Number of protein chains: 2
Amino acid sequence: MLIKTPTKGMNDYLPSEAALRQYVKNVIIDEYSRAGFSLIETPAVEHIENLTGKNGGDNEKLIFKIMKRGEELARAEEKGEELCDSGLRYDLTVPLARYFAKNSAKLPQPFLAMQIGNVWRADRPQKGRFRQFTQCDIDILGDASEIAEITLISSTAGVLNRLGFSGFTVRINDRRLLRLTALGCGLPEEEFDNIFIILDKMDKIGIEGVRSELLEAGYYAPAVKRYIAVYTGCDDADLFEFASASGDEGIKVAEGLSKIMKAASVAAAGGCSIKFDPTLVRGMSYYTGTIFEIKMDGYGYSVGGGGRYDEMIGLFCGVRTPACGFSLGFERIVGALSDSGFVVPSQGEKTAFLADRDLPEDVLMKMYADASALRAEGGTVAVCGRMKNTSFQIDRLKAEGFTAFRIYGRDSVKEI
Amino acid sequence: MLIKTPTKGMNDYLPSEAALRQYVKNVIIDEYSRAGFSLIETPAVEHIENLTGKNGGDNEKLIFKIMKRGEELARAEEKGEELCDSGLRYDLTVPLARYFAKNSAKLPQPFLAMQIGNVWRADRPQKGRFRQFTQCDIDILGDASEIAEITLISSTAGVLNRLGFSGFTVRINDRRLLRLTALGCGLPEEEFDNIFIILDKMDKIGIEGVRSELLEAGYYAPAVKRYIAVYTGCDDADLFEFASASGDEGIKVAEGLSKIMKAASVAAAGGCSIKFDPTLVRGMSYYTGTIFEIKMDGYGYSVGGGGRYDEMIGLFCGVRTPACGFSLGFERIVGALSDSGFVVPSQGEKTAFLADRDLPEDVLMKMYADASALRAEGGTVAVCGRMKNTSFQIDRLKAEGFTAFRIYGRDSVKEI
């Protein structure tokens with residue numbers, strides 16, 4: 001008797017769950033393909049050096065490390081050296097950067113990449129957070145223009161529309177606007193990462209909470225006062241009014257954002273509501289420009305987000321490469337669909353043929369010929385042995401969406 | 001600058017390769033679904049105890065082991081205990097057995113399971129053999145009748161037919177027939193695993209090679225002589241003639257095989273050639289009955305195989321559960337399609353819109369509206385920034401299957 005439960009924090013998916021996941025994957029791949037994104041595949045296992053290159057933020061603390069093998073392991077043990085040589089990827093961005101560095105000579109320019117695959121994080125398991133989960137990323141590498149942002153946002157809105165979601169909003173901001181604003185208030189540039197982390201808590205701790213934390217952190221009180229004044233009641237801030245406080249540079253950023261907002265909302269199949277949110281920060285410090293996040297009405301969490309990261313790809317390939325990416329929250333989308341009682345559209349009627357034991361050859365042949373005929377009409381036909389407790393067997397099959405049943409016996413075929 | 005190459009023995013897939021893989025996956029899933037198989041998903045990471053439970057054969061030597069983390073790792077290091085607590089799965093059979101043990105109360109009976117996912121083996125990398133590769137397994141759990149074999153073989157032949165393969169043959173045998181034959185010749189039962197491994201080499205070393213190896217291994221010469229006589233010129237052995245040498249028990253096995261062969265060949269959509277092969281062995285010792293393998297004309301290797309393993313599932317769940325499975329060689333199928341110059345059927349025309357820098361809003365809006373309109377007609381439209389070297393950019397896009405191009409400028413739209 002071995003261990004029946006999956007490893008901690010990881011999931012087995014029952015047939016109905018797996019079918020929903022597969023359906024969502026196919027919609028995502030199809031929709032992004034139509035917008036010109038190319039599917040790529042990278043290995044789950046990545047060099048430990050690449051995973052610990054400081055592009056993973058806190059995720060670098062959560063790596064599942066893989067041990068060296070054979071002689072290399074023996075040597076490492078003997079010499080007291082590092083026992084691991086690789087690890088499971090914690091995101092799809094590091095593998096993408098490596099992939100692009102290796103293969104860019106064979107890829108279109110700019111490269112519209114799509115990845116959908118598992119990632120692993122040794123996080124504390126909790127509701128809705130798993131140690132193995134599927135990520136779905138689209139990235140445009142090599143395009144410095146706002147076309148990248150518009151294409152990413154509109155395609156992603158198209159996916160959500162096609163999955164039947166309504167009432168989602170893309171919130172958008174720009175890292176440069178965050179920086180200009182903080183600079184303008186006289187806050188210290190070397191502390192921006194910390195300051196933005198505090199600002200990012202606004203929707204949880206409120207403006208007063210942000211003020212207290214900034215003061216507690218010891219920032220110059222008059223600067224904090226100015227900063228808080230800027231962000232007070234900024235929920236419905238007008239983009240240009242907000243940005244103009246940062247002068248010409250701010251206005252230039254605002255012009256870019258405005259274009260992206262207008263074009264993306266018309267470009268999205270099925271439409272898309274986009275809102276400027278000056279408090280949007282996004283966690284990763286590698287963002288350099290536009291940042292965005294999608295929230296769905298009725299859900300506190302975001303179902304996707306991303307932004308421009310013009311510096312990171314160059315770390316791998318040695319050539320500065322503008323980049324912008326969007327990560328869609330696959331698990332959250334599946335969860336929201338599941339919560340809403342969504343049923344995967346079925347392909348034709350599902351019929352089960354239940355065969356008695358030791359059927360003569362001619363009955364066997366007829367049964368399988370019947371199955372082929374029904375399948376040729378577009379139906380699904382499962383052929384399997386009949387169990388003693390047939391009504392129990394049929395109940396289980398009904399739970400899997402089977403609606404028609406036939407029992408093949410020695411001398412008769414019975415519809416049920 | 002970080003490491004650009006993938007980890008040893010693992011692959012990056014370029015867009016055209018990834019598209020082919022995705023296409024084959026979809027055909028497999030669709031075809032098996034229509035035959036009533038339910039997709040399931042299990043984690044890539046498995047308890048180390050389950051991976052080393054002696055069901056993995058030689059694969060257990062090839063495990064990528066994952067290190068414990070945090071305090072547990074520190075404790076293990078201090079006490080000199082095992083540093084790993086889990087590993088990457090080397091097949092889909094162990095996870096299936098665990099999954100079934102955990103979830104059988106929620107599953108149909110019998111359970112027609114389909115898994116398609118990555119597995120990892122720290123093998124010596126060589127042409128066509130990778131350290132991460134995709135497996136595709138179907139299994140029927142809880143059905144002791146020949147219906148399981150017929151359904152597995154015919155569905156798999158259906159997949160190959162739909163992918164356009166012709167000229168493949170299913171070779172079939174039965175472990176019981178192998179055992180009865182060896183017993184009848186007077187070979188020692190406790191040595192059967194070794195004897196079958198030697199017999200399995202027949203197509204490589206010939207009948208004389210098998211004779212020498214058996215004699216070298218020290219088996220009783222008259223028994224070896226009888227054994228060799230049985231397998232000499234058995235390429236076209238008649239099933240019943242061959243089996244009758246093992247008496248009534250042999251004939252009973254032959255009757256089962258005969259039924260399976262006849263029914264599976266009519267049951268397979270597009271037909272299927274099935275041949276009795278008394279020398280077929282299959283590597284894993286957990287097989288208990290029917291075994292089968294698919295070979296394609298022109299390829300020396302098998303593209304799939306499986307058999308009945310009625311004892312293994314019980315090791316996990318404590319309840320004896322008849323089982324039969326088929327593993328389709330995903331990587332080999334993709335390789336064979338790729339060798340044959342197979343092109344993934346495209347969805348509509350692929351058009352690229354190349355946008356000049358700093359387009360005014362009205363042009364941007366029109367461009368994206370045009371893209372939506374073309375997509376609504378079923379086409380693919382990539383919208384991206386125009387590069388300085390436009391003709392080079394277009395050449396790259398052509399290589400990705402794009403056939404139409406438009407340049408959106410400030411004042412004009414140009415078709416190319």
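Located above this text is the structure these notes cover.
Draft legend 1. Inspection of the environment of G305(B) at higher detail. Residue and element names in this part refer to chain B. Assignment of secondary structure puts G305 in strand 10 (residues 302-308). Judged by its relative accessible area of 2%, G305 falls in the buried class. In this structure the C-alpha to C-alpha distance between G305 and F292, which are 13 residues apart in sequence, comes to 5.3 Å. With near-sequence residues (within four places) excluded, G305 lies in contact with R282, F292, E293, G325, F326 and S327.

Draft legend 2. Geometry of the interface of chain A and chain B. Facing 111 residues of chain A, the contacting portion of chain B comprises 111 residues. In this structure, the connection of chain A to chain B is made through 6 salt bridges. Taking the shortest distance from any N to any O, the salt bridge between D12(A) and R98(B) comes out at 2.7 Å. Joining chain A to chain B, the criterion identifies 46 residue pairs in polar contact (both at pLDDT 80 or more).

Draft legend 3. Geometry of the sheet that holds strand 14 (residues 404-408) of chain A. All names here are of chain A. On the basis of which strands lie adjacent, the open sheet formed by 4 strands has the order 13-12-14-15 and mixed pairing. Lying at the two open borders of the sheet, with one neighbouring strand each, are strand 13 (380-385) and strand 15 (413-415). The average undirected angle you get between the axes of adjacent strands in this sheet is 20°. As paired elements, strand 12 (residues 350-355) and strand 14 share 5 bridges and run parallel to each other. Bridge pairing in strand 14 places F353 opposite R406. Against the sheet, helix 14 (residues 361-376) engages strand 12, strand 13 and strand 14, with an angle of about 155° to strand 13.

Draft legend 4. Region of the structure containing the packing of aromatic side chains. All names here are of chain A. A complete count under the given rule lists 20 aromatic pairs over all chains for this structure. Three or more aromatic residues link up through ring pairs in this structure, and these residues are Y227, Y231, F242 and F276. Its end group placed over the ring of F402, K350 keeps NZ or CZ at 4.8 Å from the ring centre.

Draft legend 5. Broad picture of the relation of the copies chain A and chain B. Between chain A and chain B, the superposition needs a rotation of 180° and an axial shift of 0.0 Å, giving an RMSD of 0.0 Å. Such a combination of rotation and displacement between the chain copies is what one expects of a two-fold axis. Minimal C-alpha separation from the rotation axis in chain A is found for I66(A), amounting to 2.2 Å. The fraction of interface residues of chain A whose copies in chain B are also interface residues reaches 100%, indicating that both copies meet through the same surface.

Rules used in this analysis
Residues numbered from 1 in each chain as written. Chains lettered and ligands numbered in written order. Predicted model: local features only at pLDDT ≥ 70, side-chain atom pairs only at ≥ 80, totals over all residues. Heavy atoms only, no water. Helix = DSSP H or I, 4+ residues; strand = E, 2+ residues; numbered from the N terminus. Buried < 20%, exposed > 50% of the residue type's maximum accessible area, 1.4 Å probe, protein only. Contact = heavy atoms within 4.5 Å. Salt bridge = Lys/Arg side-chain N within 4 Å of Asp/Glu carboxyl O. Polar contact = N/O pair within 3.5 Å; in protein donor to acceptor, adjacent residues only side chain to side chain. Pairing = 2+ DSSP bridges. Axes fitted to C-alpha atoms, helices over the stretch in contact; angles between N-to-C directions. Phe/Tyr/Trp six-rings, centres within 6.5 Å; stacked < 30°, edge-to-face > 60°. Lys NZ or Arg CZ within 6 Å of the ring centre and 35° of its normal. Least-squares fit on C-alpha atoms with pLDDT ≥ 70 in both.

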